[in-house]
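Structural overview for review
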Amino acid sequence: MLVVASCNDQHFLRNTPKSIDAFELLRAKGFEVSDAQLQECMSNLLARSRDSIAADRFTHQYYDGKQSWVWVNRKGVSEQAAQFLSYLREQVPQLGFSSRAFYLDTIAADLERMETLQFDTSLYNINKVMARLEYHLTKAYLRYTLGQRYGFVNPRRLFNRLDASHTDTLGRPLGYALLYDVDVELAPNDFAQRALRQVCPDSLEAYLSDIQPHDSLYYRLLRQLPQAQGDAAQQKRLMANIERRRWRERQRPADRFLIVNVPAFHLWAVTPDSAIDMRIACGAVKTKTPLLNSRITYMQVNPEWIIPTSIVKNDVSRHAGDSAYFARNNYYIEDKATGEHLNPVAVSKQMLLSGKYRVAQKSGVGNSLGRLIFRFQNKFSVYLHDTSSPGVFSRLNRAVSHGCVRVQQPFRLARLLLGDVDDWTLDKIRISIGMRPETKQGHDYVLAHAADEEPPRPIRSHGISPSMPLFITYQTLFQNPVSGVLEVYPDVYGYDTALMRALRIYTN
């Protein structure tokens, strides 16, 4: 038998239990509660489910493992069922989501049926209603709590399955390019058990508060969402960036950091004493700059460019045997095993594609990396660096590179990263990259080597200590870290579109 009654106060809908004896006269087949039938009804619901998202898989695993039911039992419905329904009715529209995604009408109808004892022996058999109510409440609860705590979309799963790295003869993806390598918090395997343990009078309200994003920009964007009604483009931009603020990165900007926002084609470097910003160029749409967090640990002066295998395969290899091409670009070919430099005339395309040879560009003027490169650990062999083609910074769309980030003012960035360094060290960098020195020691050095056909470079590298936290991010609604102004940028890689496609289960 079941007991359902409710009343309202400021926060909770509380049950007023009745004894089982009060329902002795209601012994009818449509009102008989059977543990076996309850479990059979739940099994049928699980068999028909389409568990395409993590929260739904957690729901399936929980009930498939014959765990204790949470919201209903043979004696009725817990007060937390009505409490949570009331909470979702308020919250879901504020997030821009559909009530259907959280089964609000279905839950409300079944709660009403339980409260008014409107059962029969078929579709609205009490066992079917109780199982359906339990299932939908848990599914809605896990969708909401997992989404607000960890994000409704897993960014690793989304972005690392966007661009095919290679395909079969029919064009079907056989692998995908790695585009996202930010360390974000992910739901643990026992998330469902942990979350559902909070469905009790003393902890549900506190838990629903605790899981909310701890990010001021999240709430700033959320407050703008109602104003975007009727503006599809702005609503899409807001919801995509709101979702990004739900992803909790383990490494976060503090008082000293460098952030690259790809859609802005801009970087900002901030320290407690100063801040600079400058234009950048990023990866083209086919060779996207990956999103990552790292730390800049050192800079190189006049680096050589070890040409990535993908560029050798797609571009350089077709020039095999053309010594003029290699000379014009200052390229050389090296045997990886022996270190021997080979004459380009003697190297075939098959040799270049074999993986046994390295193609590199000599350092200095004309090098594709420019005169300065800022190194940081990552899986992509991408870095921040100067460029031999500064004209790119006059373009509006600067998605032009093979993935690295080209910086407009590399020496200015170097000065900020080096911090409180002596003037001679700065002059050694200036001299090495062809700039005029500013100290007497620097001028004396230049005069001493004025007659040299190729003057020695006084510095080749320098450590960045302490290392500079680096964030390469993608935000089309971006809060300027210096001014605090909310800035709008185009969706150059189509990531907002991909995010909204993944969120469609919640918005339709």
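Residues numbered from 1 in each chain as written. Predicted model: local features only at pLDDT ≥ 70, side-chain atom pairs only at ≥ 80, totals over all residues. Heavy atoms only, no water.

Our next topic: the overall build of the protein chain. Across its full length, the protein chain carries 18 helices and 20 strands. Expected size for 508 residues packed as a compact globule is a radius of gyration near 23 Å; at 31 Å, the protein chain overshoots this value by more than 25%. With the C-alpha coordinates of the protein chain rotated into their principal frame, the extents come out at 110 × 55 × 40 Å. Out of the 508 residues in the protein chain, the part that is buried amounts to 50%. Taking the contacts inside the protein chain whose residues are at least 6 apart along the sequence as the reference set, 68% of them involve residues at least 24 apart. (Helix = DSSP H or I, 4+ residues; strand = E, 2+ residues; numbered from the N terminus. Rg over C-alpha atoms; globule rule 2.2 N^0.38 Å. Buried < 20%, exposed > 50% of the residue type's maximum accessible area, 1.4 Å probe, protein only. Contact = heavy atoms within 4.5 Å.)

Applying the stated rule across the entire model yields 19 salt bridges. For Asp56, the salt bridge is made with Arg143, and the minimal N-O distance between the two is 2.7 Å. Placement of Asp56 in helix α2 (residues 54-64) and of Arg143 in helix α5 (residues 126-150) is noted, with a sequence separation of 87 residues between them. Here Asp496 and Arg244 are joined by a salt bridge, their closest N and O atoms 2.7 Å apart. With a gap of 252 residues between them, Asp496 in helix α17 (residues 495-502) and Arg244 in helix α10 (residues 232-246) connect regions that are remote in the sequence. The class of Asp496 is buried, set by a relative accessible area of 3%. Connected through shared salt-bridge partners, Asp56, Lys139 and Arg143 make up one network. (Salt bridge = Lys/Arg side-chain N within 4 Å of Asp/Glu carboxyl O.)

One finds Phe102, Tyr141, Leu258, Leu384 and Leu413 to be the most contacted residues of the largest nonpolar core, which totals 141 residues. Here the element with the most residues in this core is α5; it accounts for 13 residues. Not counting residues within four places of it along the chain, the set of residues in contact with Leu384 comprises Leu258, Leu267, Ile296, Ile373, Phe374, Phe376, Val405, Val407, Leu413 and Leu470. In terms of nonpolar packing, the next biggest core, distinct from the first, is built from 8 residues, Ala264, Trp268, Phe478 and Tyr489 among them. (Core = buried A, V, L, I, M, F, W, Y, C linked by side-chain atoms within 4.5 Å.)

So far we have only geometry, and geometry alone does not tell us how the molecule works.
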